[in-house]
Amino acid sequence: MSPVEKRSVTIRGHRTSYSLEKPFYDDLVAIAAARKLTLAALVAEIDETRPRDANLSSALRLHVLDWAKHGMSGSP
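Rules of the game
Residues numbered from 1 in each chain as written. Predicted model: local features only at pLDDT ≥ 70, side-chain atom pairs only at ≥ 80, totals over all residues. Heavy atoms only, no water. Helix = DSSP H or I, 4+ residues; strand = E, 2+ residues; numbered from the N terminus. Contact = heavy atoms within 4.5 Å. Areas by Shrake-Rupley, 256 points an atom, 1.4 Å probe, with all protein chains shown as cover. Lys, Arg positive; Asp, Glu negative; His and termini not counted. Charge placed at Lys NZ, Arg CZ, Asp CG, Glu CD. Pairing = 2+ DSSP bridges. Salt bridge = Lys/Arg side-chain N within 4 Å of Asp/Glu carboxyl O. Buried < 20%, exposed > 50% of the residue type's maximum accessible area, 1.4 Å probe, protein only.

Colleague: Would you explain the overall build of the protein chain in this entry?
Modeller: Assigned secondary structure in the protein chain consists of three helices and two strands. Counting helices and strands in the order they occur from the N terminus, the protein chain gives β-β-α-α-α. In terms of overall dimensions, the protein chain has C-alpha extents of about 30 × 30 × 25 Å along its principal axes. In the protein chain, the proportion of contacts linking residues at least 24 apart, taken out of those at least 6 apart, comes to 39%. For the protein chain, the computed accessible surface area is about 4800 Å², with 56% contributed by carbon and sulfur atoms. Here the protein chain contributes 11 positive and 9 negative side-chain charges, whose respective centroids are spaced 3 Å apart.

Colleague: Explain the pairing of strand β2 (residues 14–21) here, please?
Modeller: Two faces make up the sheet, and in a regular strand the side chains alternate between them. Examined bridge by bridge, strand β1 (residues 4–11) and β2 share eight bridges and lie antiparallel to one another. When the bridges of β2 are listed, Thr10 appears paired with Arg15. What sits between β1 and β2 in their antiparallel hairpin is a turn of two residues, with Arg12 showing a positive phi close to 50°.

Colleague: Please clarify how the pattern of salt bridges should be interpreted in this entry.
Modeller: Oppositely charged side chains are able to pair whenever their charged atoms sit close together. Under the counting rule described, the total for this entry stands at seven salt bridges. Here Arg7 makes a salt bridge to Glu5, at a shortest N to O gap of 2.9 Å. What makes Glu5 partly exposed here is its relative accessible area of 30%. Salt-bridge contacts for Arg12 lead to Glu48; the nearest nitrogen and oxygen are separated by 3.6 Å. With Arg12 in the loop between β1 and β2 and Glu48 in helix α2 (residues 39–49), this residue pair connects regions lying 36 residues apart in the sequence. Each member of the pair, Arg12 together with Glu48, is exposed.

So, in C-alpha cells, the structure goes:
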C-alpha cells in the first residue's frame, strides 16, 4: 500500500491541505487533465460540493472512486 502524502493547495484564497495515497493523487491529476482543469480548480470544485461533515481528503478519494466507477466520462 502506498503511504499517505500530505499536500497543500490554495482554494478561494486560503491554504488548506489534504492527505492522499499516491494512486489517488495520480488519478486526481489525470481527472484534472482529462477535464482540462488545474488540479487546484478540481480540488476547489470537489471542496465546494462535498458535505460539510466530510473531510476534504475523503471527498477527494470518493471523487476518484466515482470517476472510476462511471467510466471516466468527463463529467463530475
